[in-house]
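# Structural characterization, general
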Amino acid sequence: VTASGCYWMCDGILLYSDHGSDEVIRLCGRPDCKHNDMSCNAHFMDGKNVCYYDGFLYVTQGSNLIRLNTDGSGRDTLLNPLTLMNTGGMGYYSPHIWNGIYSVGLKHLGENGDLVVEQFYTALNGDFSTMEQMEVCRPAQTDGTHYVVMNEDECMKLWDPETNQTTYLSEATGRGYYGAKENWYIEDGTIYRNVYEENVPEPMFDTGLQGGHALHCFYDCIVVSNYPSDEQWANFEKVTEQVLRFYNWEFEFIGEVTLDYPGALEPYNPICGESHERIYLSDNTDDVPRYYINKADLGTENIAIHKLKLPDDIEQMLDEDGGVEAPFGG
C-alpha cells in the first residue's frame, strides 16, 4: 500500500489499483506493450510478492530480488541468493520481503543426506554482496518497526535484524495479532490481550460466539471471522459459512456481513489486505483481492461487498481455475 494505491501479485503478474477505484490494471504503462508475454513490465516469472520501501517497489521473481519504480519501469535485479550463497542448488523456500528486509529459505543436503532449509536475509538498503543466516524457522509479521518470527517449537520471538538476535515473546496462542509487546487472540468466543512481560492473558470481551474463530486487528477496527475449530483443522475441513463480524476498539458491535460470493469458503482466511479505506477479500488460496468492504459502511445497517474489476484474461483465469496455485518455492 502506498499513498496513491495498492499493489499485489497474481500468478506472476503485478497488479495495481488507485485508492477509491474498482479498476485493477497491470502495472505496465508502455504504449507498445500487448501485455501478453514476459516482455511486459508487469510480468514476473514465478513472481510471489511485492513490497513498497523507501520510494521503490521490491518484488521476488523466483528467489531473485528485483527493484522497480512505482509505475513499473526501471526493473533491476539486485540479488540472486542461490548463486550468491552457493548452498548446493537444491532450491529455495518462501522468499519474503517485509519492511526493509528480504529473507529466503535456501535448501541444501545435510551431513546425513537429508534436505535442510536455512533462512538467510539482507537489508533492502544494503549492498547485496552477502546474506546473513537467520536462526529462525520462518518470518511471521512486522508492525512497521519490529519483526516477529516463529521457531520450530512454535514460539513467537522478536527478531532484531541489526544484531540477528531473537527474544522470546510467547507461545503461539490462536489466530490473532502478535506485536512487539503484546498479542491479541480469540479463544472460545472471548478476545484476550496478553502483555508479554506479565504473561497473564486478560479477557477483554466475550463475543458470545461458539465454534472456531480468527481475530484480525486493524488500527481502526477489529474483525472476527469464522475459522475451523481444532477438530475441523485436524481433519482438513473448512467452515461451512463465512461471516465477518466487526467491532470498534471500545468492543462495540458495528455490524456483520456474510460472504456469499463464489469461492468465499475456499481460503481459510478471506481477509487478504487492508488500506485506510478498505478491507480486501479473496476467493482463492492465493490471497488475490477480488472484493472489498468500505470501512465507511461499518456502523451502518448496510455493509456491502464490492467486486473489483480485474483485467478480463485474469478474471477468466481465476474464475476457471478457482484460484491459481501458489507454490512455496522452487
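All of the points below concern the structure found in this document. These numbers come from a predicted model, not from an experiment. (Residues numbered from 1 in each chain as written. Predicted model: local features only at pLDDT ≥ 70, side-chain atom pairs only at ≥ 80, totals over all residues. Heavy atoms only, no water.)

### Observations concerning the sheet that holds strand 1 (residues 5–10)
Read from one edge to the other, the open sheet built from three strands follows the order 1-2-3, with strand pairing classed as antiparallel. Strands with a single pairing partner mark the edges of an open sheet, and in this sheet they are strand 1 and strand 3 (25–26). (Pairing = 2+ DSSP bridges. Helix = DSSP H or I, 4+ residues; strand = E, 2+ residues; numbered from the N terminus.)

### Description of the packing of aromatic side chains
All chains considered together, the criterion is met by 18 aromatic pairs. Both rings, one in Trp98 and one in Tyr147, keep their centres 5.1 Å apart while their planes meet at 90°; by these two values the pair is edge-to-face. Here the residue Trp98 occupies a position in strand 8 (residues 92–98), and Tyr147 occupies one in strand 13 (residues 147–150), the gap between them amounting to 49 residues. Classification of Trp98 by relative accessible area gives buried; the value is 3%. Sitting over the face of the ring of Phe44, Arg75 holds its NZ or CZ atom 3.8 Å from the ring centroid. The ring of Tyr292 has Arg278 sitting right over it, with the charged end atom 3.7 Å from the ring centre. (Phe/Tyr/Trp six-rings, centres within 6.5 Å; stacked < 30°, edge-to-face > 60°. Buried < 20%, exposed > 50% of the residue type's maximum accessible area, 1.4 Å probe, protein only. Lys NZ or Arg CZ within 6 Å of the ring centre and 35° of its normal.)

### Details of empty space enclosed by the protein
Considering all chains together, one arrives at one cavity of 30 Å³ or more under this definition. Of the voids in this model, the largest cavity is the one considered here, and its volume is about 30 Å³. Around the largest cavity sit Pro228, Lys238, Val239, Leu265, Pro267 and Tyr268, which together line it. Of the residues contributing to the lining of the largest cavity, the split by class is five nonpolar, no polar and one charged. (1 Å grid on protein atoms, 1.4 Å probe; cavity = no way out; pocket = protein on both sides within 12 Å on 5 of 7 lines; lining within 4 Å. Points joined across faces, edges and corners; volume = space filled by probe spheres on them. Nonpolar A, V, L, I, M, F, W, Y, C, P; charged D, E, K, R; others polar.)

### Notes on a negative patch on the surface
There is a patch of like negative charges on the surface, built from Glu152, Asp153, Glu154 and Glu171. Checked against the element boundaries, Glu152 lands in the loop between strand 13 and strand 14 (155–160). You can call Glu152 exposed: its relative accessible area is 74%. (Patch = residues over 30% accessible without salt bridge, like charges linked within 9 Å, V, L, I, M, F, W, Y side chains within 5 Å. Areas by Shrake-Rupley, 256 points an atom, 1.4 Å probe, with all protein chains shown as cover. Salt bridge = Lys/Arg side-chain N within 4 Å of Asp/Glu carboxyl O. Lys, Arg positive; Asp, Glu negative; His and termini not counted. Charge placed at Lys NZ, Arg CZ, Asp CG, Glu CD.)

### A closer look at the side chain of Asn194
Within the secondary structure layout, Asn194 lies in strand 18 (residues 190–195). A distance of 3.3 Å separates a polar atom in the side chain of Asn194 from the backbone nitrogen of Val200. What Asn194 contacts, discounting residues up to four positions off in sequence, is Ser170, Lys181, Glu182, Asn183, Asn199, Val200 and Pro201. (Polar contact = N/O pair within 3.5 Å; in protein donor to acceptor, adjacent residues only side chain to side chain. Contact = heavy atoms within 4.5 Å.)

### Some thoughts on the state of the cysteines
With the rule as written, the count across this model stands at zero disulfides. With no disulfide of its own, Cys10 has Cys272 as its nearest cysteine by sulfur position, at a separation of 11 Å. Between Cys40, a cysteine without a disulfide, and Cys33, which holds the nearest cysteine sulfur, the sulfur-to-sulfur distance is 3.8 Å. By relative accessible area, which is 1% here, Cys40 ends up buried. (Disulfide = S-S within 2.5 Å.)

### Focus: the pattern of salt bridges
Under the counting rule described, the total for this entry stands at 14 salt bridges. Here Glu182 ties to Arg193 by a salt bridge, and the two come within 2.8 Å at their closest N and O atoms. Placement of Glu182 in strand 17 (residues 182–187) and of Arg193 in strand 18 is noted, with a sequence separation of 11 residues between them. A salt bridge links Arg290 to Asp283; the shortest N-O distance between them is 3.1 Å. Of the two residues examined, Arg290 and Asp283, each falls in the buried class.

### Brief notes about the nonpolar core
Ranked by size, the top nonpolar core spans 17 residues in total, and within it Val223, Leu244, Phe246, Ile279 and Leu281 carry the most contacts. Where this core is concerned, the elements lending two or more residues are strand 22 (243–247), strand 23 (253–258), strand 25 (278–282) and strand 26 (289–294). Among all residues touching Val223, those that are not within four sequence positions of it are Ala214, Leu215, His216, Phe218, Leu244, Arg245, Phe246, Ile271 and Ile279. (Core = buried A, V, L, I, M, F, W, Y, C linked by side-chain atoms within 4.5 Å.)

### Description of unusual backbone geometry
Unlike most non-glycine residues, Ser94 shows phi in positive territory, near 50°. Within the element layout of this structure, Ser94 appears in strand 8. The class of Ser94 is partly exposed, set by a relative accessible area of 25%. Even without being a glycine, Asn199 presents a positive backbone phi close to 55°. Structurally, the position occupied by Asn199 is in the loop between strand 18 and strand 19 (202–206). Note on Asn199: relative accessible area 52%, which makes it exposed.

### Remarks on the pairing of strand 1
Taken across its six residues, strand 1 has six buried, putting it largely inside the fold. Here six bridges tie strand 1 to strand 2 (residues 13–18), and the two strands are oriented antiparallel to one another. From the neighbouring strand, Tyr7 faces strand 2, where its bridge partner is Tyr16. The hairpin formed by strand 1 and strand 2 contains two residues between the paired strands, and Asp11 there has a positive phi angle of roughly 50°.

Note that all results are geometric; they support no functional claim without further evidence.
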